[in-house]
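Architecture and fold: a report
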Amino acid sequence: MPWTPMPWLTVLLVSLAYLSALFAIAHWADRRAAAGRSVIASPTVYALSLGVYCTTWTFYGSVGRAASLGIGFLPIYLGPTLIMLLAPLLMRKILRIAKTQRITSIADFIASRYGRSPLLGGLVALTAVVGVTPYIALQLKAVAVSFDALTGTFSGDDSPFLDTGFAVAAAMALFAMVFGTRQIDSAEHHPGMVAAVAFESLVKLVAFLAVGVFVVWGLHGGLEGLFAETAAHPDIQALFAAGPALDDGTWATTMLLAAAAILCLPRQFQVMVIENVEERHLNRALWLFPLYMLLINLFVLPVAVSGLLRFGGGTDPDLFVVALPLSGGLDALALLAFLGGLSAAAGMIAVESVALSTMVCNDLVMPALLRLRPPALERSADLSRLLLAIRRAAIVVILLLGYVYFRVAGSAYALVSIGLISFAAVAQFAPALIGGLYWRGATRRGALAGLAGGALVWTHTLLLPSFARSGWLPASFIESGPWGIAALRPYALFGLEGFDPLTHALFWSGLVNIGLYIALSLADRPDSAQQAQAIAFVEAFERSEPAEPPADWQGAASVGDLARVVARFLGPLRAEAAFAGDDPASPAGPERLRIAERLLAGAIGGASARVALASAVPGGAVGTAELLRMLDETSHVIAHSRQLEEKTAALERATDALRAANERLTELDRLKDEFLSTVTHELRTPLTAIRALTEILHDDPDLDPAQRHEFLGVVIAESERLTRLINQLLDMAKIEAGAVEWSIAAMDPAAALEQAAASTAGLFQERGVALDTALATSLPPVLGDHDRLVQVAVNLLSNAAKFAPAGSRVTLSARVAGDALRVAVSDGGPGIAPEHHAAVFDRFRQVGDPMTDKPAGTGLGLAICKRIVEHLGGRIGVISAPGAGATFWFTVPLADSVPRSPMTF
């Protein structure tokens, strides 16, 4: 051992003092919560509690992995970081559902999604216990070997129940029982435990950063010195490159498993979902948790490289965090590093054991007891003590299993390898979990088959080989397969070779899990309970919990029956509060059944709650089958109610659309009548004048030449008016039909505007209105149609001449505005009210009464202008107010399309 060990008694006393401090912090947090000042109501505490993800795997194992793979340790942390990017959608949905459904664990979550299936919840719980046991063993092994390295002892060789791992397991079992099983309702929070975990996250972060700073600047004088020393060792220097990590081949596999683990590990689900106080706390965790993982891994690679330079292959790389300070003579720093590792282990063990004990109680033990109905259970009026006893016993058994795995198989694997076995186990929950959130067609049979198949493949390809490598199974199990069947070799299943064991296991377990999940779900038809829960989960953001539908239940359980069963599990106070003011003899009905079910779900899980209610009424009014039928029918009514809501909403949308279409048709019919009235009037007026004057000319050949000349002038003017009217109608018809021939090209806008001004000069002179042109010099070419641009300008100028009072002025202007040319015609006329600004560009629309004060014309001119301008890629509008004149403007894009300053109007 290349360092001087520390006295074991000193390390033991400091460790006991630290664990006592954790108990004190948890007790203080519980007292504050009881006083209404909970420390876990802080988003920072919530984000720090997520640091329970960083266990001894991070504190010790990442250095060990970096010592062989360089940056290959990073995928373990990149996976959760990617999940946090999706958290606003994925995690927020899970949180919303968990609060609504009073979820108690990940097993309860998955079981509740698929119709509150006890069998599915039990399978998830069993898989979690078996799958996470190696992870608990990892923590015990890390603490034990680091203690031995720090003190130079080798505990446990003579008495396996007196070593450091067993002591830590016992201490954490006591902590979990004291602060994790205080209340019956598992859906409630554990402020003491969460506060202690958040504190531990800070301790392990400070400890690792302190070791990293010492290694880089204390041992090597900075990063430059460290790089300089590695230059003499090409094999170590290669760790800074990507080669070792990529050559290993597990980069993608590890990142995928880590992404699944952040959702599916029972402890992560516990702190992230069950212990969440407010949904908005997730906002801070989105950036603080990834930042935490970045900081705690900042010095992983430098510590690994420094350990290889100093110790070579003589020391386990997993112990570099403790060994380097010891070798440098800093016992206090080494002790701080040990406390950091102890914090990482203690936090994980405490939260994991509480989460698993809840699953064992609610999804394994209680469903069995409620179905078997032993006499002692039937006679008991208060089961709260039994529930606590089951959970506390489960904690002891779970930690004992972890310790046994550590003693039996833990020595054959590095820390990271043990952790990856557990990651692959809980990854089997991901298809049913994520699929259930977004696929309404997923069914209970599909989830059961997928999870069972994936778990069996994981057991065969990863768990059993770990026992074979430890000598507890024949080595031939790996080399030749069970019973000598080569096709069943765990590392080359069905002849698939060339993959590392982890990737191989993930491939086969994922294929079986997802394949069975999808296939059986597609072939299955979910019952009403599954349909109701599918809607509640998939549409969690769209719908709040619906009010229970009233129903006339014949032979239903009474309120007193429900109060008694709630009191058995939650105590009489909760039962009295839930059914206060209700007549105990009155029928319960579906609404109170749902209330009782939700209360029980928080204590014993959703699946067990249904069984408890079904067994609540001995004989009498209703039996077990009838009560279960009532519960399923209630779910069916809820699902049917939601379907009716959807249909009603769709019908309302269709009705609104039909109403809008009808209003539009009514408006078009009115416009048509106005148009016909206007066109008839406009056509009749010039035709009447032409006919009358021509008859006079025809009947009186001796008419005075001067008067004859006057009459002919009127006939010509009315003919021109009639021609303009017909041309406008034809133009609109062509534009609407898309039959207009356009000649769009780069053109000189000044020439077109000057032509329009010249064409309307006579009109302005006749009206006694002056026309001013204010065209900017050197106008750039625009992309347009010369004739159509002239048509728009003439129409705007004609309108201005029509409305401008005699003696006033009309201004035609043009300037560059952004990437377009802005043309404006301003007059001093009566103006247009703001509510009519958009309407003046509609077809056949003119401001004013159609038979009295409406100006002459069809109302097509501005509509034609609007369509021409929009076809050319421009815009058209009006700026006006009553009594203040009007400015009609339009834009045409510049030919060079060079962006300029933004357009302002």
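Residues numbered from 1 in each chain as written. Predicted model: local features only at pLDDT ≥ 70, side-chain atom pairs only at ≥ 80, totals over all residues. Heavy atoms only, no water.

**Here's the deal with the overall build of the protein**
A tally of helices and strands in the protein yields 36 helices and 7 strands. Burial statistics for the protein: of 905 residues in total, 53% are counted as buried. Within the protein, contacts between residues separated by at least 24 positions form 81% of all contacts whose residues are at least 6 apart in sequence. (Helix = DSSP H or I, 4+ residues; strand = E, 2+ residues; numbered from the N terminus. Buried < 20%, exposed > 50% of the residue type's maximum accessible area, 1.4 Å probe, protein only. Contact = heavy atoms within 4.5 Å.)

**What to know about the nonpolar core**
In this structure, Tyr-53 and Met-172 are the most contacted members of the largest nonpolar core, which totals 170 residues. Top contributing element to this core by residue count: helix α18 (residues 331-372), with 18 residues. Residues contacting Met-172, with those up to four places away along its chain left out, are Leu-19, Ala-346, Ile-349, Ala-350 and Leu-399. Listed in part, the 42 residues of the second largest apolar core include Ala-804, Leu-821, Val-878 and Leu-894. (Core = buried A, V, L, I, M, F, W, Y, C linked by side-chain atoms within 4.5 Å.)

**Things to note about the side chain of Asn-362**
As for its position among the elements, Asn-362 is in helix α18. Among the residues examined, Asn-362 registers a relative accessible area of 0% and is labelled buried. Only 3.4 Å separates the side chain of Asn-362 from the side chain of Thr-104, close enough to count as a polar contact. Here the side chain of Asn-362 touches Arg-391 through a polar contact of 3.5 Å, side chain to side chain. (Polar contact = N/O pair within 3.5 Å; in protein donor to acceptor, adjacent residues only side chain to side chain.)

**Structural notes on the environment of Leu-256**
Mapped onto the secondary structure, Leu-256 falls in helix α13 (residues 251-264). Remark: the alpha-carbon pair of Leu-256 and Leu-82, spanning 174 residues in sequence, is separated by 9.9 Å.

**Quick notes on the sheet that holds strand β5 (residues 820-827)**
The mixed open sheet is built from 5 strands, whose spatial order is β2-β4-β5-β7-β6. Every other strand in the sheet has two partners, leaving β2 (770-775) and β6 (876-880) as the edge strands with one partner each. Pairs of neighbouring strands in the sheet enclose a mean axial angle of 15 degrees, with direction left out of account. Taken together, the 6 bridges between β2 and strand β4 (residues 809-817) define a ladder with parallel strand orientation. Bridge pairing in β4 links Leu-771 to Val-810. (Pairing = 2+ DSSP bridges. Axes fitted to C-alpha atoms, helices over the stretch in contact; angles between N-to-C directions.)

**Quick look at the pattern of salt bridges**
According to the stated counting rule, one finds 10 salt bridges in the structure shown. One salt bridge connects Glu-279 with Arg-92, and the closest N-O pair in it is separated by 3.9 Å. Within this pair, whereas Glu-279 is found in the loop between α14 (266-274) and α15 (282-296), its partner Arg-92 is found in helix α5 (residues 90-101), the two being separated by 187 residues in sequence. Judged by its relative accessible area of 23%, Glu-279 is partly exposed. On the basis of relative accessible area, Arg-92 is assigned to the buried category, the value being 16%. With a shortest N-O distance of 3.5 Å, Glu-497 and Arg-489 are connected by a salt bridge. Here Arg-489 falls in the partly exposed class, since its relative accessible area comes to 21%. Salt bridges linked by common partners bring Arg-92, Arg-96 and Glu-279 together as one network. (Salt bridge = Lys/Arg side-chain N within 4 Å of Asp/Glu carboxyl O.)

**Some details on a nonpolar patch on the surface**
Together, Trp-8, Leu-9, Leu-12, Leu-13 and Leu-16 give the surface a local cluster of nonpolar side chains, amounting to about 480 Å² of exposed area. The residue Trp-8 is located in helix α1 (residues 8-34) in this model. Note on Trp-8: relative accessible area 47%, which makes it partly exposed. (Patch = residues over 30% accessible without salt bridge, like charges linked within 9 Å, V, L, I, M, F, W, Y side chains within 5 Å. Areas by Shrake-Rupley, 256 points an atom, 1.4 Å probe, with all protein chains shown as cover.)

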